[in-house]
Amino acid sequence: LAIGLTACGTQPISNISNQAAAPTLQDDIEPVETVSVSIAMNEESASTSLSYPIVDTDQGNCYDAQNQVDCPQTGDAFFGQDAQYSGNQPSYTDNGDGTITDNVTGLMWQQDPGSKMTYSQAVAGASDLTLAGYSDWRLPSIKELYSLIQFDGLDPSGPSTSNLVPFIDTDYFNFEYGDESAGERVIDSQWATSTKYVSTTMGGAETMFGVNFADGRIKGYGIAMRGSEKTFFTIYVRGNTSYGENDYMDKGNGTVTDNATGLTWTQNDSGSGMNWETALNYCESLDTAGSSDWRLPNVKELQSIVDYSRSPDTTNSAAIDPIFNISNITNEAGQIDYPAFWSSTTHANLRSGGNASYVNFGRSMGNMNGNWIDVHGAGAQRSDPKTGSAADWSTGHGPQGDAIRVDNYVRCVTDISTTTNVNGNSSATSVETTSQLPSGQPAHEQNQANGQERPEIDLASAAAKLGVSEEALKAALGAPPPDLAAAAAQLGITEQALIDALGIPTGEPPNGSG
């Protein structure tokens, strides 16, 4: 049995000192100077003046606070989201020799990750690899690997594993979900990078930042787990050794231009947290530095300004270059910390579009055994409910007790190469009916399955039937989809009673969780 539960939201955590007030138009500052970018691209190759061009997320659908909708028009609620702006569209060439060339970034990739390997094997394997006549392969950095992520994928948080869509282009790259027959979860498709966290997670664990192309996140993963080395999928990369290196210029007018990406950013952040709808409007309405052409960045643009050489515990700073101003917060453990920032990118799952992606520039907090600790690292990309209350998640959410905040901070972006596409580019991938693939096999070998009716879960009604509080039911169920047997045991009821109260149809396959 498998169900998916829509996450609820949270209130903002308290500010200690807002070092950066929300930017406003000033008459005595210079206008933004746009960066001249020249891009010429065809089916075969890309030529660009940028050393670090950001590949678009490929998100074509629009969403409100919960569901996929027709794209809003200018001035309407939820206008300015990812699907309504088009950047450098993903473009690949299959070289026919086991390699794929990214025509936007200039990077050449190994096509097939093969079997999982330990982190030490992944590091050592680069120098041993000769492929397509090349021997200068390297383990990719987190920014290099993240360039491949595409947010037309669907997080496997739902009642079925029959309609999954990974967050990588399986027309070009070999991909596998976790092997459930071997005891793995569906989402156990974590891919290795050379970027290690400069601090530690889970109370002292050596940690690597990896990309999960099954559920669309960056997390810090412990290199060892339960006394043995954790294994990861691994592909190697070559070419464009400058990719991922920023080249900032302080424009002296409250903005910062990255000459490597062509993006111009507000130097100050919003100074306070807000929900996703408000964040979109904040940037769309912003008029500062002589420009009103600001927008909320997509998640790949936002991740590009993470500085993975910094962390609160090692540099006493946020994971961002000090050319930017960033607000302080008090985190869930009562520590001085730095905010998570909203992106314009919805993080859709099989049930809804109620979550949006954010990037943590401070610790990625989680509640483990009643203690709030850094579970995924400064620089992780996770997702939050677009609206709601933090009070509903006072002990976190999911296996690592992820902190749910909802009211995240904002830093706006502009550039001259991104174009407006008000009506989006609706794709075949949708929350209601999808053509995704069952887990446990390579994606390119799986048969597409038809969409199916999915049960709506009324938690308040279910809690009333069980004689427990709705908060207790949510806490027991944890990350979607939950372990029903464990949840029932925690509530002191039978598993069948829980199934009946939730109204889950029988005969659905089991699913892994977050």
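As shown above, the structure is provided for reference.
This is a predicted model, so every value here is computed, not measured. (Residues numbered from 1 in each chain as written. Predicted model: local features only at pLDDT ≥ 70, side-chain atom pairs only at ≥ 80, totals over all residues. Heavy atoms only, no water.)

1. Quick word on the state of the cysteines
Convention followed: By disulfide we mean two sulfur atoms from cysteines, separated by a distance within 2.5 Å. Each residue is placed in one exposure class: buried if its accessible area under a 1.4 Å probe, protein chains only, is under 20% of its type's maximum, exposed if it is over 50%, and partly exposed if it falls in between. By the criteria applied, helices consist of DSSP H or I runs no shorter than four residues and strands consist of E runs no shorter than two, each listed in order from the N terminus.
The full count for this structure, using the stated rule, is 2 disulfides. Between the sulfur of Cys62 and that of Cys71 lies a disulfide, 2.0 Å long from S to S. Its torsion about the S-S bond being 90°, the disulfide of Cys62 and Cys71 is classed as right-handed. Residue class for Cys71 comes out buried when judged on its relative accessible area of 12%. Here Cys283 engages in a disulfide with Cys412; their sulfurs sit 2.1 Å apart. Linking Cys283 and Cys412, the disulfide has an S-S dihedral of approximately -85° and is accordingly described as left-handed. With Cys283 in helix H3 (residues 276–284) and Cys412 in the loop between strand S26 (381–385) and strand S27 (413–414), this pair connects stretches of sequence that are 129 residues apart. You'll find Cys283 and Cys412 in the same group, each marked buried. Sequence-ordered numbering of the bonded cysteines in the protein chain gives a disulfide pattern of 1-2, 3-4.

2. Digging into the packing of helix H6 (residues 459–466) against helix H9 (residues 495–502)
Convention followed: Note on definitions: angles span 0 to 180 degrees between N-to-C directions of axes, and those axes are lines fitted to C-alpha atoms, for helices only across the stretch in contact. Oblique is the label for every angle not falling under 35 degrees (roughly parallel), over 145 degrees (roughly antiparallel), or within 65 to 115 degrees (roughly perpendicular). Helix crossings fall into two classes, left-handed where the near helix is turned counterclockwise from the far one by less than a right angle and right-handed where it is turned clockwise. Only heavy atoms matter for contacts: two residues are in contact if any of them lie within 4.5 Å across the pair. Amino acids outside the nonpolar list (Ala, Val, Leu, Ile, Met, Phe, Trp, Tyr, Cys, Pro) and the charged list (Asp, Glu, Lys, Arg) are all regarded as polar, and Gly is one of them.
Packing of H6 against H9 leaves a shortest axis separation of 8 Å and a crossing angle of 140°. As judged from the angle between their axes, H6 and H9 are oblique. Taken as a pair, H6 and H9 cross one another with a handedness that is right-handed. Taken together, the residues of H9 that come into contact with H6 (itself represented by Leu459, Ala462, Lys465 and Leu466) are Ala497, Leu498, Ala501 and Leu502. When grouped by side-chain class, the residues that make up the contact of H6 with H9 number 7 nonpolar, no polar and 1 charged.

3. Focus: the side chain of Asp56
Applied cut-off: We treat Lys and Arg as the positive residues and Asp and Glu as the negative residues; His and chain ends play no part in the count. Just to be clear on terms, a salt bridge is a Lys or Arg side-chain nitrogen sitting within 4 Å of an Asp or Glu carboxyl oxygen.
Within the secondary structure layout, Asp56 lies in the loop between strand S2 (46–48) and strand S3 (62–63). One buried charge, Asp56, has no salt-bridge partner; the nearest side chain with opposite charge is Arg295, at 7.5 Å. If we ignore the near neighbours within four places in the chain, the residues touching Asp56 are Tyr85, Ser86, Gly87, Asn88, Gln89, Pro90, Asn298 and Lys300.

4. Quick word on the sheet that holds strand S8 (residues 108–110)
Spelled out, the test is: Note: two strands are recorded as paired if DSSP finds a minimum of 2 bridges between them.
In spatial order, the strands read S6-S7-S8-S16; together these 4 strands make up an open sheet with antiparallel pairing. Every other strand in the sheet has two partners, leaving strand S6 (92–94) and strand S16 (237–238) as the edge strands with one partner each. Where strand S7 (residues 99–102) meets S8, 3 bridges bridge the pair, whose relative direction is antiparallel. Among the inter-strand pairings, Thr101 is bridged to a residue of S8, identified as Met108.

5. Observations regarding the pattern of salt bridges
Throughout the structure, instances matching the rule amount to 14 salt bridges. The partner of Asp215 in a salt bridge is Arg217, with the nearest N and O atoms 3.5 Å apart. For the pair formed by Asp215 and Arg217, the shared burial category is buried. A salt bridge links Asp337 to Arg363, with the nearest nitrogen and oxygen atoms 3.3 Å apart. Of this pair, Asp337 sits in strand S21 (residues 336–337) while Arg363 is found in the loop between strand S23 (355–360) and strand S24 (365–368), placing the two residues 26 residues apart along the sequence. A residue is classified by how much of its surface remains accessible, and Asp337, at 0% relative accessible area, is buried. Each of Asp155, Asp215 and Arg217 takes part in a single network of salt bridges with overlapping partners.

6. Brief notes about the packing of aromatic side chains
Convention followed: Within 6.5 Å between ring centres, the rings of Phe, Tyr and Trp (the latter by its six-membered ring) count as paired, and their orientation is classed by plane angle as stacked under 30 degrees, edge-to-face over 60, tilted in between.
One pass over the structure, following the stated rule, counts 15 aromatic pairs. Pairing Phe209 with Tyr308 gives two aromatic rings, centres 5.0 Å apart and planes at 65°, and the pair type is edge-to-face. Of this pair, Phe209 sits in strand S11 (residues 207–212) while Tyr308 sits in the loop between helix H4 (299–303) and helix H5 (312–315), and the two are 99 residues apart along the sequence. On the numbers, 5.3 Å between centres and 85° between planes, the contact of Phe341 with Phe361 is edge-to-face. Taken together, the residues Phe341 in strand S22 (residues 340–346) and Phe361 in the loop between S23 and S24 connect sequence positions 20 residues apart.

7. Comments concerning the sheet that holds strand S18 (residues 255–258)
Within a beta sheet, neighbouring strands are joined by backbone hydrogen bonds and run either parallel or antiparallel to one another. Taking strand neighbours across the sheet as the criterion, the 4 strands line up as S17-S18-S19-S27 in an open arrangement whose pairing is antiparallel. Edge positions in the open sheet fall to strand S17 (248–250) and S27, since each of these has one partner strand only.

8. Comments concerning the side chain of Gln400
When you line up the elements, Gln400 lands in the loop between S26 and S27. Note on Gln400: relative accessible area 19%, which makes it buried. Excluding residues that lie within four positions of it along the chain, Gln400 makes contacts with Met202, Lys219, Gly366, Asn367, Met368, Val375 and His376.

9. Structural notes on the pairing of strand S25 (residues 371–374)
Only one face of S25 is buried: it carries Trp372 and Asp374, and the other face, with Asn371 and Ile373, is open. Across 4 bridges, S24 lies against S25 in antiparallel orientation. Note on S25: the bridge partner recorded for Met365 is Asp374. Connecting S24 to the antiparallel partner S25 that follows it, the hairpin turn spans 2 residues, and Asn369 within it adopts a positive phi of roughly 55°.

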